[in-house]
Amino acid sequence: MGSSRSDGVGRLIPEGWTYVTRHPVMLPCMLWATATNFVCAALVALVALTPLYLVREAGLTPAQLGLVLAMDGVGGLAGAAVAVRLTRRFGTARGLVGTALAGGAAALLAPLTTTAADACWFALGNAGFAFGVAIGSITTRTHGQTASPPELLSRVMATVRFVSWGAQPFGALTAGLLATYVGTHAALWAVCAAAVLPPLHLLTFPAGRRRDFE
């Protein structure tokens, strides 16, 4: 009984992996999600360290710090609210790439905060990046769920989540090492600059250059 179940799992896992890695849309979307989760985890790790920088060096008050960090949730909520309308108007591929690039560019505003007077830059960068990530996540997950054959859906989603979420510990570790050796502010610059790479990588695939994922 146990051996039969083990054999079944051993067969199901490769089926999901093979389908995703051979799919012209799901593979680039999974790679985008993996790279984006790497950056997100790195930023989350730095956010744990950033209060030290924002309070001790930039001089933000506790109220300002709370507001600045909360903008991540505001950006994500805004992205979720407009994702469907935006992708219907511009296309799923163009909508994802465009908003992800805009979100990555917005992230570069965050390290510009050096004093309490310009804390708005960190807030805008935090919100803008979260906005792009929310739209991309909704778009790629919706495509994966609707394009997968029903009998493979669970295996496809498990494969995508295993790979994309598996990048998070490495993102956090990378951010911690950067902060240790070059400082929190310099590490923040590096990670925010990396935020534009996932959508640029998506453009190297034919699926990323179309109007819509098919």
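About the criteria used
- Residues numbered from 1 in each chain as written.
- Predicted model: local features only at pLDDT ≥ 70, side-chain atom pairs only at ≥ 80, totals over all residues.
- Heavy atoms only, no water.
- Helix = DSSP H or I, 4+ residues; strand = E, 2+ residues; numbered from the N terminus.
- Contact = heavy atoms within 4.5 Å.
- Lys, Arg positive; Asp, Glu negative; His and termini not counted.
- Charge placed at Lys NZ, Arg CZ, Asp CG, Glu CD.
- Axes fitted to C-alpha atoms, helices over the stretch in contact; angles between N-to-C directions.
- Parallel < 35°, antiparallel > 145°, perpendicular 65-115°, else oblique.
- Left-handed = near helix turned anticlockwise from the far one by under 90°.
- Nonpolar A, V, L, I, M, F, W, Y, C, P; charged D, E, K, R; others polar.
- 1 Å grid on protein atoms, 1.4 Å probe; cavity = no way out; pocket = protein on both sides within 12 Å on 5 of 7 lines; lining within 4 Å.
- Points joined across faces, edges and corners; volume = space filled by probe spheres on them.
- Core = buried A, V, L, I, M, F, W, Y, C linked by side-chain atoms within 4.5 Å.
- Buried < 20%, exposed > 50% of the residue type's maximum accessible area, 1.4 Å probe, protein only.
- Expected span 1.5 Å × (residues − 1).
- Bend = angle between axes of the 7 residues up to and from the residue.

Describe the overall build of the protein, with residues and values.
Within the protein one finds 9 helices and 0 strands. For the protein, the succession of helices and strands along the chain, N to C, is α-α-α-α-α-α-α-α-α. With the principal axes as the frame, the protein shows a C-alpha extent of 60 × 45 × 30 Å. Residue pairs in contact within the protein that sit at least 24 positions apart in sequence constitute 81% of those at least 6 positions apart. Across the protein, the mean location of the 14 positive side-chain charges is 6 Å away from that of the 8 negative side-chain charges.

Residues and numbers for the packing of helix H7 (residues 168–182) against helix H8 (residues 184–194), please.
Relative orientation of the contacting elements H7 and H8 amounts to 135°, with a least axis distance of 7 Å. When the interaxial angle is binned, H7 and H8 end up oblique. Considering the relative orientation of H7 and H8, their crossing is right-handed. Side by side, H7 and H8 meet where Ala 175, Leu 178, Ala 179 and Val 182 of the first sit next to Thr 184, Ala 186, Ala 187, Ala 190 and Val 191 of the second. A breakdown of the residues in the contact of H7 with H8 according to their chemical character gives 8 nonpolar, 1 polar and no charged.

So, empty space enclosed by the protein: which residues are in play, and what are the values?
Considering all chains together, one arrives at 1 cavity of 30 Å³ or more under this definition. By volume, the largest cavity is sized at about 60 Å³. Forming the boundary of the largest cavity are Trp 32, Thr 36, Val 39, Ala 100, Gly 103, Gly 104, Phe 129, Gly 132, Val 133, Ala 195, Pro 198 and Pro 199. Going through the elements one at a time, helix H2 (26–57), helix H4 (92–107), helix H5 (120–147) and helix H9 (197–202) are the ones with two or more residues in the lining of the largest cavity. A per-class count over the lining of the largest cavity returns 8 nonpolar, 4 polar and no charged.

Let's hear about the nonpolar core: which residues, and what values?
Among the nonpolar cores identified, the biggest contains 25 residues, and Leu 43, Leu 46, Leu 54 and Phe 129 are the most heavily contacted of them. Elements with a contribution of two residues or more to this core: H2, helix H3 (62–90), H5, H7 and H8. Per-element accounting of this core gives the leading share, 7 residues, to H2. Excluding residues within four positions of it along the chain, Leu 46 makes contact with Ala 175, Ala 179, Ala 187, Leu 188 and Val 191. The next biggest cluster of nonpolar side chains, apart from the first, holds 11 residues, and it includes Ala 100, Leu 202, Ala 207 and Phe 213.

Provide a residue-level description of the layout of surface pockets, including the pertinent values.
Reported here for the largest pocket is a volume of approximately 350 Å³. The wall of the largest pocket is formed by 19 residues, among which Leu 43, Val 44, Asp 72, Asn 126 and Phe 129 lie closest to the centre. Put simply, the parts of the chain that give the lining of the largest pocket at least two residues each are H2, H3, H5 and H8. Examining the composition of the lining of the largest pocket, we find that 6 residues originate from one element, H5, more than from any other. Here the residues of the lining of the largest pocket are counted per class, giving 13 nonpolar, 5 polar and 1 charged.

Can you tell me about the environment of Ala 119, naming the residues and giving the values?
Its place among the elements puts Ala 119 in the loop between H4 and H5. When near neighbours in sequence (up to four residues on either side) are disregarded, Ala 119 contacts Leu 60, Val 68 and Thr 113.

Tell me about H3, and name the residues and values.
Here H3 spans 40 Å end to end across 29 residues, near enough to the 42 Å set by a 1.5 Å rise per residue. Along H3, the sharpest kink reaches roughly 50°, centred on Val 82. Just downstream of H3, Gly 91 is the residue with a positive phi angle, here 105°.

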